[in-house]
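Secondary and tertiary structure notes
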Amino acid sequence: MDKAVENTTTRLVWLDQLKAISMYFVVLGHSLLKFKEGKVFRFIYSFHMPLFFMISGLTFRPDKYTTIMDCVKDKIIKLAHPYIMLNILSLPFWYINMKTHMIQPDSLIEVLFGVFYSDSAVVRAPSNATWFLMTLLFAEVIYYMIHYYLKDDKSVFLMSCILGVIGVMAPLGKEFLDAPFHFDVSLVAQFYYGCGYLIRKYFTNFMNAFKEHYRFKIFLLFCVGTFSAFINKQVDMSNELYRNITYMLISSFSLSFILIFLAKKFNFHSKLLSYIGQNTIIILALHIPMLRILQAAFPIFLTSQFYAVLASIIIYFIMVIFIWFINRYLYFIVKMPKRFQNIIHRF
């Protein structure tokens, strides 16, 4: 394992900052939903979710667990718990969004069921963006299972590719219902997650690939990735829209590689970015409801892409206040209390 990312017992500052930058792209993408036919929206959606799954894979350690059940328990504690709690926390904002006609008028029973189905294409939840957490949970467990049984990198990569292809093909024959918890999306997600792990394992080689003439290589990757994003139709992993898979792979990897490289090379030394990067899960859950409240109060943010970008910046930094408040007074929402962790570990 490369020393650049070997020590995962201490936080990697550059990785936190990469999470913060990536999260801004998520906020920006949702701010531009009204302008989804635009080039900026298509560009962001071509890579922002694959990048997040790769970032998660960068922290994967196959020797962390001794059994598959240990992995499952850990993911319930770290992902399922905040998923449920953050959706509960989002209920007042969901109610405000509904009363201001920013979302469809679902009943409380419907949105609570939506939490346990985790697929807004079937039934909406208070915070639909949290689909990522449950998809990541399944992606991590699936990839760990592959690694647990196959061990060597070539076999693991091959099986990961096969499952990824199955995930891409899964929506082709569907007529009505999507799988709960975006399970079919998790098959695609585990492929990107695994690629993130391989980047971590061979991180020195990854960085050395940019060593000479890195500006030219970044420019070339940016041009290729952007061109692929623009000639492809709109990609949206949460809705299983992969479009031309070749273009999707080129744009998602090209643009993600650029950001991973730049974050490590320049390590921006921003305490604010590091702070945000350590708390992206809160922004993920709350930024859309808060964005809708802002848009309802000030409809000007819905009138042009310029104002949509401005709204994304405002919401992004407003989220810092929510991060501080939740960490100070409601920390049990994002981290399961120890006594409940012990109960889960006993099973």
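This text goes with the structure placed above it.
Below or above, wherever it landed, is the structure these notes cover. Each chain has its residues counted from 1, following the order in which its sequence is written. Where local features are concerned, this predicted model is filtered to residues with pLDDT of at least 70; where side-chain atom pairs are given and counted, the filter is 80 or more; whole-chain, interface and lining totals use all residues. Remark: hydrogens and water are excluded; side-chain values derive from all non-hydrogen atoms of the structure.

Let us now look at helix 14 (residues 280–297). Helix and strand assignments come from DSSP, with helices taken as H or I runs of at least 4 residues and strands as E runs of at least 2, each series counted from the N terminus. Multiplying 1.5 Å by the helix residue count minus one yields the expected span of that helix. Compared with an ideal rise of 1.5 Å per residue, which puts 18 residues at 26 Å, helix 14 spans 25 Å between its outermost C-alpha atoms and is within 8% of the ideal. At L286, helix 14 is bent by approximately 45°, the largest bend along its length, and proline P289 sits one to four residues beyond. Here helix 14 lies mainly inside the structure; 14 of its 18 residues are buried. Two axes enter the definition of the bend at a residue: one is fitted to the seven residues ending there, the other to the seven starting there, and the bend is the angle between them. For each residue, the accessible area found with a 1.4 Å probe, counting protein chains only, is set against the maximum for its type, and the residue is called buried under 20%, exposed over 50%, and partly exposed in between.

Here the axes come from fitting lines to C-alpha atoms, over the contacting stretch only for helices, and the angles between their N-to-C directions go from 0 to 180 degrees. Close contact between helix 3 (residues 48–57) and helix 7 (residues 131–150) brings their axes to 11 Å; oriented N to C, the two are set at 50°. As the angle between them shows, helix 3 and helix 7 are arranged oblique. The handedness of the crossing between helix 3 and helix 7 is right-handed. Residues M49, F52, F53 and S56 of helix 3 touch helix 7, and the partners they reach there are W131, F132, T135, L136 and E140. The nonpolar class holds Ala, Val, Leu, Ile, Met, Phe, Trp, Tyr, Cys and Pro. Asp, Glu, Lys and Arg form the charged class, and all remaining residues, Gly among them, are polar. Tallied by class, the residues present in the contact of helix 3 with helix 7 amount to 6 nonpolar, 2 polar and 1 charged. Put simply, angles under 35 degrees are roughly parallel, angles over 145 are roughly antiparallel, angles from 65 to 115 are roughly perpendicular, and the rest are oblique. Handedness of a helix crossing follows the sense of rotation of the near helix relative to the far helix, less than a right angle counterclockwise being left-handed and clockwise being right-handed. The criterion used for residue contact is that any of the two residues' heavy atoms lie within 4.5 Å.

The next thing to look at is the packing of aromatic side chains. Think of a pair of aromatic rings as described by two things: how far the centres are apart, and how the planes are tilted against each other in angle. Between rings of Phe, Tyr and Trp, where Trp is taken as its six-membered ring, a pair exists when centres lie within 6.5 Å; planes separated by under 30 degrees are stacked, by over 60 edge-to-face, and by other angles tilted. In total, this model carries 39 aromatic pairs according to the counting rule given. With a centroid separation of 5.5 Å and an interplanar angle of 75°, the aromatic rings of F206 and F257 are classed as edge-to-face. Here F206, found in helix 10 (residues 203–208), pairs with F257, found in helix 12 (residues 245–266); they are 51 residues apart in sequence, far enough to count as distant. Judged by centre distance (5.9 Å) and plane angle (85°), the rings of W324 and Y329 are edge-to-face. Taken together through their ring pairs, the aromatic side chains of W14, F157, F191, Y192, F203, F206, F210, Y214, F253, F257, F261 and F266 make up a single cluster. Ring-over charges, as used throughout, are those where CZ of Arg or NZ of Lys falls within 6 Å of the ring centre and within 35 degrees of the ring normal. Over the ring of Y214 we find K265; its NZ or CZ atom is 4.7 Å from the centre of that ring. When the ring centre of F266 is taken as reference, the NZ or CZ atom of K265 above it lies at 5.8 Å.

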